[in-house]
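Summary of the model geometry
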Amino acid sequence: MIETHLQSRVYLDNSASTKIAPEVLEVMLPYFTEQFGNASSIHSFGQQAKGAVDEARRQVASLIGADFNEIIFLSGGTEADNLAIRGIAESYRSKGNHIITSEFEHPAVRNTCLAFEKQGFRVTYLPIYENGLVRIEDIKSVITNDTILISIMHANNEVGTIQPIEEIGALVKEIRLERKNLFFHTDAVQSVGKIPIDVKSLGVDLLSLSSHKIHGPKGIGALYLRKGIRITSQLTGGRHERERRAGTENVPAIVGLGQSAELAKENLEKFQEIKSLRDYFEAGVAKLIPEIKFNGDKEHRLANISNISFSYIEGEALLIALDLKGIAVSTGSACSSGSTQPSPVLVAMGLSKEMVRGSIRFSFSRYTTKQEIDYVLSVLPEVVARLRNVSPLYKQAMAKEK
Ligand SMILES: Cc1ncc(COP(=O)(O)O)c(C=O)c1O
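Everything quoted here is computed from the prediction, not taken from an experiment.

What counts as what
Residues numbered from 1 in each chain as written. Predicted model: local features only at pLDDT ≥ 70, side-chain atom pairs only at ≥ 80, totals over all residues. Buried ≥ 20, exposed ≤ 12 C-beta atoms within 10 Å, placed from the backbone. Helix = DSSP H or I, 4+ residues; strand = E, 2+ residues; numbered from the N terminus. Pairing = 2+ DSSP bridges. Right-handed = clockwise from strand over helix to strand, strands pointing away. Axes fitted to C-alpha atoms, helices over the stretch in contact; angles between N-to-C directions.

As a further point, take the pairing of strand β5 (residues 147-151). The buried count for β5 comes to 5 of 5 residues, which makes it a mostly enclosed element. For strand β3 (residues 98-102) and β5, the ladder comprises 4 bridges, and the chain directions are parallel. Residue pairing in the sheet places His 98 in a bridge with Thr 147 of β5. Note that β5 and strand β6 (residues 183-187) share 3 bridges and pair parallel. Each bridged residue has a counterpart across the sheet, and for Ser 151 the counterpart in β6 is His 185. Taken together, β5, helix α7 (residues 165-176) and β6 form a β-α-β motif whose crossover is right-handed.

With that settled, the discussion passes to unusual backbone geometry. Even without glycine at this site, Arg 242 takes up a positive phi of about 50°. Among the structural elements, Arg 242 can be located in helix α9 (residues 240-243).

The next point concerns the sheet that holds β5. Within the open sheet, the 7 strands sit side by side as β2-β8-β7-β6-β5-β3-β4. Their pairing is mixed. Only two strands of the sheet have a single neighbouring strand rather than two, namely β2 (71-74) and β4 (122-126). Put simply, the sheet's adjacent strands are angled 20° from each other on average, direction ignored. Two strands pair when backbone bridges link them, and β3 and β4 are joined in this way by 5 bridges, in the parallel orientation.

Here it is, written out as C-alpha cells:
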C-alpha cells in the first residue's frame with residue numbers, strides 16, 4: 001500500500017522549493033570535502049575557494065545581465081529583500097521617508113516595510129486589481145519628493161503574475177533625471193531562471209534572487225546592487241562581499257547557486273515548454289471540474305504556476321486529500337503555512353473569502369512530466385467531488401438550486 005503511494009508521488013509545489021539538480025549537487029560536493037578552505041585565506045586552499053566563489057558570481061551575474069561586482073551573496077531571498085529595503089532606507093533616510101510597495105508582496109518585503117512604518121517611514125501599499133497586477137498610473141499618483149524607494153515584486157509567488165517592471169523602471173529613470181535619490185527594487189525570487197531577465201533593460205537598481213527556487217541548495221541567494229549605490233550593511237563583522245554582507249562565505253552553497261544559475265540560463269527556452277503542460281493541465285481541470293476559478297492574469301503570468309479556487313471546499317482539506325494520493329501542492333505560499341489568515345495575495349485581488357479559502361497553487365518545474373499531470377487529472381475530480389459532498393456550503397448551494 002505504502003509502496004503504491006510512493007510510486008505515484010508527484011511534486012507540484014515548485015514555487016515553495018525545487019529539487020536540487022544532480023549537476024548542482026555534483027559540483028558542490030568537493031567543497032564539503034577536499035576544497036574546504038575559507039575564501040578569505042591567502043593560502044592555496046583559500047584561493048581555490050575564492051576562485052569558486054568568483055566563478056559563481058560570474059554565473060549569477062550572467063543570468064541577469066549584471067556586472068560581476070554587482071552581485072552580493074547572502075543567505076537567500078528573505079535576506080536579499082531585507083538588505084535591499086533596510087540598506088536603502090537607512091542609507092538615504094535624510095533624503096526622504098516614503099516607500100512605495102504593493103499589497104501583495106512576499107512577507108520578506110511586506111513585514112520589512114511594516115517594520116519601517118514603526119520607525120517613522122510612510123509606506124504606500126499599491127492596490128492589486130483582479131488580474132493581480134499593479135498599475136503604473138497608481139505609482140505616478142503617489143510618488144512624492146520624499147519617495148526614496150519603490151519595491152515591487154517581479155512575479156508573484158502565489159499566482160505567478162508578472163508585474164510591469166520595465167515600465168516602472170523607465171518611470172524611475174525619468175524621475176531620477178531631476179531627483180537623484182529614488183531607487184527601485186524588485187523581488188525576483190520567483191521569476192529568475194523562469195523568464196529572461198536583464199537588470200539593465202528592466203531598469204532596476206536592486207534585485208533579489210534565491211537558489212532553492214531554481215534547483216539549487218537552500219539558504220543561499222543574492223542581491224543585485226547597481227554600481228554606485230550605497231547601502232547600509234545589516235551585519236557587523238568582517239569585510240566580506242565588499243563590506244556589504246559580513247560573514248565567511250558559504251562556499252559549497254555559493255558554488256551550487258552558480259551552477260543552478262548556469263543551468264537555468266541554458267534551460268530558459270525549454271522552461272517555456274512548461275506553459276503548454278500547464279495549459280493542458282488547466283484545460284483538463286476546466287473540463288472535468290465545475291465551479292472553479294483560475295486566479296491571476298492569463299497573459300502576464302509565469303509558465304509554471306496555476307492557482308485555482310475550488311468553490312465550496314477548504315484548500316487545506318484538498319491539500320491533505322491530494323497528499324494522501326501522493327500529490328504535493330500548496331495553499332498560498334509556504335511562508336504563510338500554519339497561518340490561519342486567508343492569503344493576503346488573493347484577498348488583495350478581490351476574491352471572496354470563500355474562494356480564497358478554497359484555493360490551491362499547483363507549481364511545475366522543468367522536471368514535471370505529462371504522465372504526472374495525467375495522474376493528477378485522474379485523481380483531482382474525484383477528490384474534489386468527495387470533499388464537496390461533505391461540504392455544508394455545497395449542500396446549502398444545492399438546496400438553493402432545487
Ligand atoms: C517572492 C519570494 N520572495 C522571497 C522569498 C524568500 O526566499 P528564501 O526562501 O530564499 O528566503 C520567497 C520564497 O518563497 C518568494 O517566493
